[in-house]
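Residue strings, one per chain:
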Amino acid sequence: MHSPDMKRTLLLLTISFGLAFAGCSSTRTIEKTGDPANSVVGGVKARTPLPMDMRIKVAVLDFEDRTAYGKGRLGKSASNILVTFLSRSGQFALYEREKLDKLVGEQGINTSESVDVSEAATIGKLVGVDYVFIGAVSNYGYRSTRSQVLIFGDKIIQQAEATVDVRMVEVATGRIIASESGTGLVTVESGHVLGVGTSAGYDETTAANALRAAISQYVDTLIDQGLANR
């Protein structure tokens, strides 16, 4: 049986280790493979916004999801991220997504499957835009590993990796003027100390960050291509 002093010492050690571990219990890193092309995760190069009447008219179709995850949700998430980037650049007038989805449905086009260039150009002519962006989430992987930290807790490392391909179609000619691909990796660390700590449950944000890291690699290239070909 432990003496009161020994119990007190064990309790203090437990608290000390717990505080030390909790101080690094939840961290998130985002990496981008390939050439970032002057992009940063979550943003695009600073540009002077164009007046609305001078902005390039574009539409972004839902990307195809070729992965086994999410029942097609990754494709829609990827296209939404691209819309956000293009909007932040201040160079484009984006066709309203709800109206676009309705029109695509009326045309009998299933964007959860591959949309070819001619279909994209047809949609672009119907809505009166200069360019249509189509693409696919061609790969997505997720893994989680758990390791013991000292004797009081464990550490969980979750990683998500996504590859996103995109093509920029010039509506007037039906040509692909840009075709880009990027891969993003996001790592999330979490852990528990004596049953207390951050949860290792999967977070949709993890997938979104991997997609964002992938798209951010080439979004400035797409923007520059659009400006050069206007």
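Caption draft 1: Here's a closer look at the nonpolar core. Leu82, Leu86, Phe133, Val164, Leu211, Ile215 and Leu222 are the most contacted members of the largest nonpolar core, which totals 35 residues. Breaking this core down by element, the ones donating at least two residues are strand S2 (56-60), helix H2 (73-89), strand S5 (131-149), strand S6 (153-170), strand S7 (175-193), helix H5 (204-215) and helix H6 (219-228). By residue number, the principal contributor to this core is H2, which donates 7 residues. Contact partners of Ile215, with chain neighbours within four places excluded, come to Ala78, Ile81, Leu82, Phe85 and Val164. In this structure, Ile123, Val132, Val169 and Val171 belong to the second largest nonpolar core, which totals 17 residues.

Caption draft 2: Highlighting the environment of Asp53. Inspection of the secondary structure assignment puts Asp53 in the loop between strand S1 (27-33) and S2. Residue Asp53 is classed as exposed on the basis of its relative accessible area, which comes to 73%. Taking the C-alpha atoms as reference points, Asp53 and Phe92, 39 residues apart in sequence, are found 9.8 Å from one another.

Caption draft 3: Inspection of helix H4 (residues 117-127) at higher detail. Within the span of H4, buried status applies to Val117, Ala120, Ala121, Ile123, Gly124 and Val127. Looking straight down H4, one finds that the buried residues subtend no more than 160° of arc, so they occupy a single side. Trailing H4 by a residue or two, Gly128 shows a phi angle of about 75°, which is positive.

Caption draft 4: Spatial organisation of H6. Those residues of H6 that fall on the buried side of the exposure criterion are Val219, Asp220, Leu222, Ile223 and Gly226. Along the axis of H6, the buried positions cluster into a sector of 160°, meaning they face one direction only.

Caption draft 5: Just the environment of Ala160, in detail. Looking at the element boundaries, Ala160 is found in strand S6. Note on Ala160: relative accessible area 0%, which makes it buried. Along the backbone, Ala160 and Ser144 are 16 residues apart, and their C-alpha atoms lie at a distance of 9.0 Å. Apart from the residues lying within four places of it in its own chain, the contact partners of Ala160 are Tyr140, Gly141, Tyr142, Gly184, Leu185, Val186, Thr206 and Ala210.

Thresholds applied
One numbering rule holds for all chains: residues counted from 1, following each sequence as written. Predicted model: local features are reported for residues with pLDDT of at least 70 only, side-chain atom pairs are reported and counted for 80 or more only, and whole-chain, interface and lining totals are derived from all residues. Excluding hydrogens and water, the side-chain values take into account all heavy atoms of the structure. For this analysis, a nonpolar core means a set of buried residues of the types Ala, Val, Leu, Ile, Met, Phe, Trp, Tyr and Cys, connected via side-chain atoms within 4.5 Å. Under the scheme applied here, a residue whose accessible area is under 20% of the maximum for its type counts as buried, over 50% as exposed, and between as partly exposed, the area being computed with a 1.4 Å probe on protein chains only. Under the DSSP-based scheme used, a helix requires at least four consecutive residues in state H or I and a strand at least two consecutive residues in state E, with every element numbered from the N terminus. Residues count as neighbours in contact if any of their non-hydrogen atoms are within 4.5 Å of one another. As used here, the arc is the angular range of directions from the helix axis to the C-beta atoms.

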